[in-house]
Amino acid sequence: MHERLQNLLKKNRNFLNRWSLQFTIAISFTIVSIAGMAAIALFLSMRYNASSMQLVTESNTRIVDQVNLNLDTYLRNMMRISDSMYYRVIKNTDLKTESITEPMSLLYETNRDLLISLGVFTSNGKEIAAEPLAQLKKSANVTDQDWFISASAKTENLHFSTPHVENLYVDPDNKYHWVISLSRYVELTSAGSITHGVLLVDMNFVGIEQICKNVDLGKSGFLYIIGADGAIIYHPRQELIYSNLIRENNKAAADYEDGTHTEQFEGQQRLVTVKTVGYTGWKIVAVAPTEEIVASYAQFRVFALFFACLASFLMIFINTVISSRLANPISALENSVKNIEKGDLDETKISVGGSYEVTHLGQTIRSMVCQMRKLMDDVVLEQEAKRKSELDALQSQINPHFLYNTLDSIVWMIENEHYQGAVTMVTSLARLFRISLGKGKNIVTVADELEHVRHYLTIQNLRYKNKFRFSIEAQPETLGCATIKLIVQPLVENAIYHGMESMDSDGEIKIRAYRSGADLYIDVTDNGLGMLQEQADLLLSDKRASVRSKGSGIGLKNIQERIQLYFGKEYGLSLYSEPDEGMTARIHLPAVLWNERKAGEK
Amino acid sequence: MTRKKIIPFVFILLLFIPAYIFLNRDDIFTPAKSSGPYEISVICRGKSSESWNTVKLGIDQAAKDFNADVSFITLSKNNSVSEQISLLSREIKNGADGIVIAPVNSDELKKPLEQTAKKVPVIAMQSTVAGMDGLRTVSCDNYRMGRSLAAELVKKRTGEPVVILQGSTGSSAAAESLRGVCDGLKQAGRAFSTFDMPNDGAASYQAVRQEISKKAGTVFVALDGETLETAARAKKDLGKLSESESPLYGIGITNTGVSLLEEKIISAVAVDNEYNIGYLCIKSAVDSINHQDDGNIDVDFLIVNHSNMYDTESEHMLFPFVR
């Protein structure tokens, strides 16, 4: 798992590496800011939704509580009328001797706005008194009426019916009234004996309607009242329900506990607040379609989305500006570096700008380019020095004095019929030139260099008529090592001109090549006049840089420079001398095989 | 960042301003309500608006629900085709968006109705014009209602002759009801005759009274509410207060008719749901204006007698719950 995660991160890193810095910064910041905005918008809209629901729930609960209070007051008024009729009129009247019509009429008149009718019936349905209409319909069957049955069945309670058409009394105008009947079991006194009967109070439905109709539950919200069994008592669109044009979820609502519920009815989600009315068992049901609540939520959500988009857009803009301010100087610097790669070392063209770090980087690159140019100039100078020294070395091969003297010696030998000597000299001269000109190489093997010196010494020895002896020794492991061409011969030349010329025949020149660790040494030792060591040291110092020997014309300094140009400052030429003891010129080189060096150069 | 890149950014930023103004409009988030108000004219077939009371209640409720402005027009004379024709053109001229009409069953009305239907939606209420296709109707199945009433009659009354009292309703509904009653009686093998009621109210009363008094032991069937009420009053006035004396059956009922039913002067009555008819006519008209085709709408009917008239279903149909 960890490995997979790491692989994923690595892939992402690689993916990011493919993009430009500006794009990476802009896209990263934008993604982060948009994600942040989206999270904030989501959180806010969820909170808004929850609080909207909460507000609607609280508001509906308050309204339902208020309706409950009003309805309770209304029903208690009705019950008070019933109580007044029963306890003040019926209980105090002996029906045998007195009539209850007058007090009943008085009670009706007092409450006529609330009532449709009042009636008292015996247990077998016979009318005792009624207001305002007294004549029972022929077809009226009082004992079969629901209110009568309920009152007779539960004698201790007051009973509220569902709305129905009052159908007991003859109305000459043929009007009909929807009423709610409040009935109760009563005890009737007649000639001192107690009989049973039922008191009916028919409440005008308008009273309940007035309590409910002005309730404000939003544009689509409404409130209805159901009985304990779910039968509709009041509904703002009651006739439509009675005509089966619309339906209501009243049967389900009858099972709801008091409180707020969410229900789905006919494809509509609704927030339903239920409150049970005391005593009657009726339930007040407030309905608020969630679509309406959600409409304001949708508005908020769209605005949240709008501002999130606006903020994201501004973020993108700001991110693009910032990333461009960050990346553009880097990009310019990158272009400058590309130009440097192409060889344009003009430091003034290097972009320096942007943030502190990038400015510093630009300045550093500018300084680096300066340094680089200086180094390259140095290299050029060095190369020029090399070429010059090589040219000088080459010039030594065409030293006219040497050539003239050698040819003169050859002529002299031929004239004196000293042919063998002439042949040897010509042969050596030829080989000398072949080696020194050979293939234009500057690095040669020690063997080749020593061979060159040998021919030179052979020629000089013949010219100087064996005034000196010479010996060349070389450890076999040195022969394959690399050396610079024509660095031994000038030393030998010096030894001859400065050491041997003044000697008769006991001059000696020893050439020895040997290795010491990783170093290669070639010593040229003569037993000539020598000089003070201080003088010898001066020969290699800068003060004598232009000193040339009168022999070959190639200075020791030239040898020293050439060695150091090719192999470094730690190598070079050193002179050891004492007056009358002779001199040793020591070439110090790294012990590198010629083959290896050539391979390295390739 | 170059000016070239900044300009599109600024341009998009400016687009947010009209977007904000658009979103700030109130009507964006309120659920789309039916527009309106719709001007709808309801043209009756008779001169008495009382007999249309229940229908009108349904119409008024629908007008509230569907944001319609309804003109309820009665005729100066019952079943006047010419008046209906002139009212059609007048209402169209007055800018009605839809017409609901209880048409007189007359060929003369066909052409004007067809022409009107080309301009605005036309809904036929309770009846239609025989042989006219494509006229949307909101009505109960009058033929079936007639047959149901006949079945009720046949069940309760055996062997008595039947006289069908024909009022001059001139509606296809009455014709269909008559056909249903006749077919039902024929099927039961009952003999029946028809009696044409005069147009005039007083004459109609006298005629039916005479007919009832003349034909004792006959069952009478009235095919519309007004005829039924007239016959019932005549019967009552003749002192025939029991159900078994000149039993009276009918189709359609008035408020007085309900009382007479309760008094058993009327034995049974077939009633259609007039409140629904009124409501659905306006709904259908509004739907048609909004190019929604509801097709023909069939409403329910009920056979009511004095014993079931206070049953919940009958109660709801006979006594519209109107405050």
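Here the residue index of a chain counts from 1 through its sequence in written order. Chains and ligands are labelled by the order in which they are written, letters from A for the one and numbers from 1 for the other. Side-chain atom pairs in this predicted model are given and counted only at pLDDT of 80 or more, local residue features only at pLDDT of at least 70, and totals for whole chains, interfaces and linings cover all residues. Hydrogens and waters are ignored; side-chain quantities use all the structure's heavy atoms.

Visitor: I'm lost on the overall build of chain B in this one. Help?
Guide: In DSSP terms, a helix is any run of H or I states spanning at least four residues, a strand is any run of E spanning at least two, and both are numbered starting from the N terminus. Looking only at helices and strands, chain B has eleven helices and twelve strands in total. Taken against the 2.2 N^0.38 rule, which gives 20 Å for 323 residues, the C-alpha radius of gyration of chain B at 26 Å runs more than 25% over that of a compact globule. Its C-alpha atoms give chain B principal-axis dimensions of roughly 110 × 40 × 35 Å. Using a 1.4 Å probe on the protein chains alone, a residue whose accessible area is under 20% of its type maximum counts as buried, one over 50% counts as exposed, and one in between counts as partly exposed. In chain B, which comprises 323 residues, the proportion classed as buried is 52%. Within chain B, contacts between residues at least 6 apart in sequence are counted, and of these 71% link residues at least 24 apart. Areas reported as accessible are Shrake-Rupley estimates using a 1.4 Å probe. Residue values count occlusion only from the protein chains shown. When the accessible surface of chain B is summed, it comes to about 14,600 Å², and 50% of that surface belongs to carbon and sulfur atoms. For this measure, only C-alpha atoms enter the radius of gyration; the expected value for a globule follows 2.2 Å times N^0.38, where N is the number of residues. Here a residue-residue contact requires only that any non-hydrogen atoms of the pair lie within 4.5 Å.

Visitor: I'm lost on the overall build of chain A in this one. Help?
Guide: The helix and strand inventory of chain A stands at 17 helices and 18 strands. Its C-alpha atoms give chain A a radius of gyration of 65 Å, more than 25% over the compact-globule value 25 Å for 602 residues. Dimensions of chain A, computed from the C-alpha atoms along their principal axes, are close to 200 × 45 × 40 Å. The burial tally for chain A puts 45% of its 602 residues in the buried class. Carbon and sulfur atoms make up 54% of the accessible area of chain A, which amounts to about 31,800 Å² in all. For the charge count, each Lys or Arg is scored as positive and each Asp or Glu as negative, with His and the chain ends excluded. By convention, charge coordinates are those of NZ in Lys, CZ in Arg, CG in Asp, or CD in Glu. Once the 62 positive and 70 negative side-chain charges of chain A are each reduced to a mean point, those two points are 6 Å apart.

Visitor: Help me out: how do you make sense of the interface of chain A and chain B in this one?
Guide: Size of an interface, as often reported, equals the accessible area lost when the parts are brought together. With 39 residues of chain A at the contact, the number on the chain B side is 30 residues. Once two parts are joined, some of their accessible surface, as seen by a 1.4 Å probe, is lost; buried area is that loss totalled over both. Both sides of the chain A and chain B interface together cover about 3,500 Å² of buried area, and 67% of this is carbon and sulfur. Whenever two N or O atoms come within 3.5 Å, that pair is a polar contact, provided that in protein one can donate a hydrogen and the other can accept it, and provided that, for residues adjacent in sequence, both atoms are side-chain atoms. The tally of links from chain A across to chain B stands at eight residue pairs in polar contact (both at pLDDT 80 or more). Where the side of chain A that touches chain B is concerned, the elements lending two or more residues are β4 (164-165), α5 (205-213), α6 (238-242) and α8 (290-342) of chain A.

Visitor: How do you make sense of the packing of aromatic side chains when you look at a structure like this?
Guide: Each aromatic ring pair is specified by the distance between its two centres and by the angle formed by the two planes. Each pair of aromatic rings taken from Phe, Tyr and Trp, with Trp reduced to its six-membered ring, is defined by centres within 6.5 Å and is described as stacked if the planes are under 30 degrees apart, edge-to-face if over 60, and tilted in the remaining cases. Summed over all chains, the structure comprises 22 aromatic pairs over all chains. Taken together, a centroid distance of 5.9 Å and an interplanar angle of 75° make the contact between Phe303(A) and Tyr20(B) edge-to-face. Separated into two different chains, Phe303(A) in helix α8 and Tyr20(B) in helix α1 (residues 3-23) make up a pair that spans both. Among the residues examined, Phe303(A) registers a relative accessible area of 14% and is labelled buried.

Visitor: Would you mind showing me how to read the pairing of strand β3 (residues 98-101) of chain B here?
Guide: Consecutive side chains along a regular strand alternate between the two faces of the sheet. Residues and elements named next belong to chain B. Both faces of β3 are covered, namely the face carrying Gly 98 and Val 100 and the face carrying Ile 99 and Ile 101. One requirement defines pairing of two strands: DSSP has to find at least two bridges between them. Looking at chain direction, strand β1 (residues 38-43) and β3 are connected through four bridges and run parallel. Within β3, the residue paired with Ile 43 across the bridge is Ile 101. Alignment of β3 against strand β4 (residues 122-125), held across three bridges, turns out to be parallel. Pairing of Ile 101 across the sheet is with Ala 124, part of β4.

Visitor: What exactly am I supposed to notice about the sheet that holds strand β13 (residues 468-474) of chain A here?
Guide: Within a sheet, neighbouring strands are paired by backbone hydrogen bonds and run either parallel or antiparallel to one another. All names here are of chain A. Ordered in space as β13-β15-β16-β18-β17, the five strands form an open sheet in which the pairing is mixed. Each having just a single partner strand, β13 and β17 (572-578) make up the two edges of the open sheet. The average undirected angle you get between the axes of adjacent strands in this sheet is 15°. Note that strand β16 (residues 519-526) and strand β18 (residues 582-590) share eight bridges and pair antiparallel. Paired with Thr 525 across the two strands is Thr 584, which belongs to β18. Lines fitted to the C-alpha atoms define the axes, with helices restricted to the stretch that makes contact. Angles between their N-to-C directions range from 0 to 180 degrees. Packing against the sheet, helix α12 (residues 446-463) makes contact with β13, β15 (507-516) and β16, and its axis sits at approximately 170° to β13. Against the sheet, helix α14 (residues 488-500) contacts β13, β15, β16, β17 and β18, and its axis sits at roughly 150° relative to β15.

Visitor: Just checking my understanding: could you explain the nonpolar core for this structure?
Guide: Soluble globular proteins: nonpolar side chains tend toward being buried together. Residues and elements named next belong to chain A. Ranked by internal contacts, the top residues of the largest apolar core, which has 76 residues, are Ile 208, Ile 225 and Trp 282. When residues in this core are grouped by element, the largest group, 13 residues, is from helix α2 (residues 21-90). Buried Ala, Val, Leu, Ile, Met, Phe, Trp, Tyr and Cys residues that are joined via side-chain atoms within 4.5 Å together make up what is termed a nonpolar core. Grouped together as the second largest cluster of nonpolar side chains are 52 residues, Tyr 464, Phe 468, Ala 513 and Ala 536 included.

Visitor: What is the right way to read the side chain of Thr280(A) from this model?
Guide: All names here are of chain A. Its location among the elements puts Thr 280 in the loop between β10 (268-276) and β11 (283-289). At 3.1 Å, the side chain of Thr 280 and the backbone nitrogen of Trp 282 are in polar contact. In this structure Thr 280 touches Leu 75 and Phe 160, once residues within four positions along its chain are discounted.

Visitor: When you look at the pairing of β16(A) in this model, what are you seeing that I'm missing?
Guide: All names here are of chain A. The element β16 is extensively covered by neighbouring structure, given that six of its eight residues are classed as buried. Relative to β16, β15 is paired through eight bridges, and the arrangement is antiparallel. Looking at the pairing, Lys 510 lines up with Thr 525 of β16. Hairpin connection of β15 to β16: two residues between the antiparallel strands, including Gly 517 at a positive phi of 65°.

Visitor: Just checking my understanding: could you explain the packing of helix α10 (residues 400-415) of chain A against α12(A) for this structure?
Guide: When two helices pack together, their arrangement is given by the angle between their axes and by how far apart the axes lie. All names here are of chain A. Where α10 contacts α12, the axes come no closer than 10 Å and their chain directions differ by 60°. Taken as axis vectors, α10 and α12 run oblique relative to one another. Considering only the axes of α10 and α12, their crossing is left-handed. Here α10 contributes Phe 402, Asn 405, Thr 406, Ser 409 and Met 413 to the contact with α12, which in turn contributes Tyr 456, Ile 459, Gln 460, Leu 462 and Arg 463. Each angle gets one of four labels, with under 35 degrees taken as roughly parallel, over 145 as roughly antiparallel, 65 to 115 as roughly perpendicular, and the rest as oblique. Left-handed describes a crossing in which the near helix is turned anticlockwise from the far one by less than a right angle; the clockwise case is right-handed.

Visitor: Got a minute to help me understand helix α7 (residues 201-214) of chain B in this structure?
Guide: Residue and element names in this part refer to chain B. Expected span, for any helix, means 1.5 Å times one less than how many residues it has. For α7, which comprises 14 residues, the first-to-last C-alpha distance of 20 Å matches the rise-based estimate of 20 Å (1.5 Å per residue) to within 8%. Looking at α7, one finds that the buried residues are Ser 204, Tyr 205, Ala 207, Val 208, Glu 211 and Ile 212. Of the surrounding elements, those touching the buried residues of α7 are β6 (162-166), β7 (192-196), β8 (219-222) and α8 (225-237).

Visitor: Any chance you could explain helix α5 (residues 142-156) of chain B here in plain terms?
Guide: Along an α-helix, residues three or four apart share an orientation, since each turn contains 3.6 residues. The end-to-end C-alpha distance of α5(B), which contains 15 residues, comes to 21 Å, matching closely the 21 Å that a straight helix rising 1.5 Å per residue would cover. Restricting attention to buried positions, one finds in α5(B) the residues Asn142(B), Tyr143(B), Met145(B), Gly146(B), Leu149(B), Ala150(B), Glu152(B) and Leu153(B).

Visitor: What is the right way to look at the domain arrangement of chain B in this model?
Guide: An automatic or database domain assignment is the source of the domain bounds shown. Here chain B is partitioned into domain 1 (38-139 + 274-300) and domain 2 (142-272). Summarising the inter-unit geometry, the C-alpha centres of domain 1 of chain B and domain 2 of chain B are found 27 Å apart.

Visitor: Got a minute to help me understand the pattern of salt bridges in this structure?
Guide: Where charged atoms of side chains with opposite charge meet at close range, the side chains can pair. Salt bridge, as used here, is a side-chain nitrogen of Lys or Arg placed within 4 Å of a carboxyl oxygen of Asp or Glu. Counted by the stated rule, this structure contains 29 salt bridges over all chains. When the shortest N-O distance is used, the salt bridge between Glu187(A) and Lys91(A) registers 3.6 Å. Of this pair, Glu187(A) sits in strand β5 (residues 178-190) while Lys91(A) is found in the loop between α2 and α3 (101-110), placing the two residues 96 residues apart along the sequence. Residue Lys156(B) is joined to Glu152(B) by a salt bridge in which the shortest nitrogen-to-oxygen separation is 3.0 Å. Taken together, the residues span about one helical turn, with Lys156(B) and Glu152(B) both in helix α5 at a distance of four residues.

Visitor: Hey, could you run me through the confidence of the model for chain A in this one?
Guide: Interpretation of the predicted coordinates at a detailed level should be avoided for regions scoring low in pLDDT. Residue and element names in this part refer to chain A. pLDDT runs from 0 to 100 and stands for how confident the predictor is about each residue. Of all residues in chain A, 94% have pLDDT values of 70 or greater, and the mean over the chain is 84. No element of chain A has a lower mean pLDDT than helix α1 (residues 2-17), which averages 75, and none a higher one than β16, which averages 93. Confidence drops under pLDDT 50 across residues 545-553; counting only partners more than four residues distant or on other chains, this segment forms 17 contacts.

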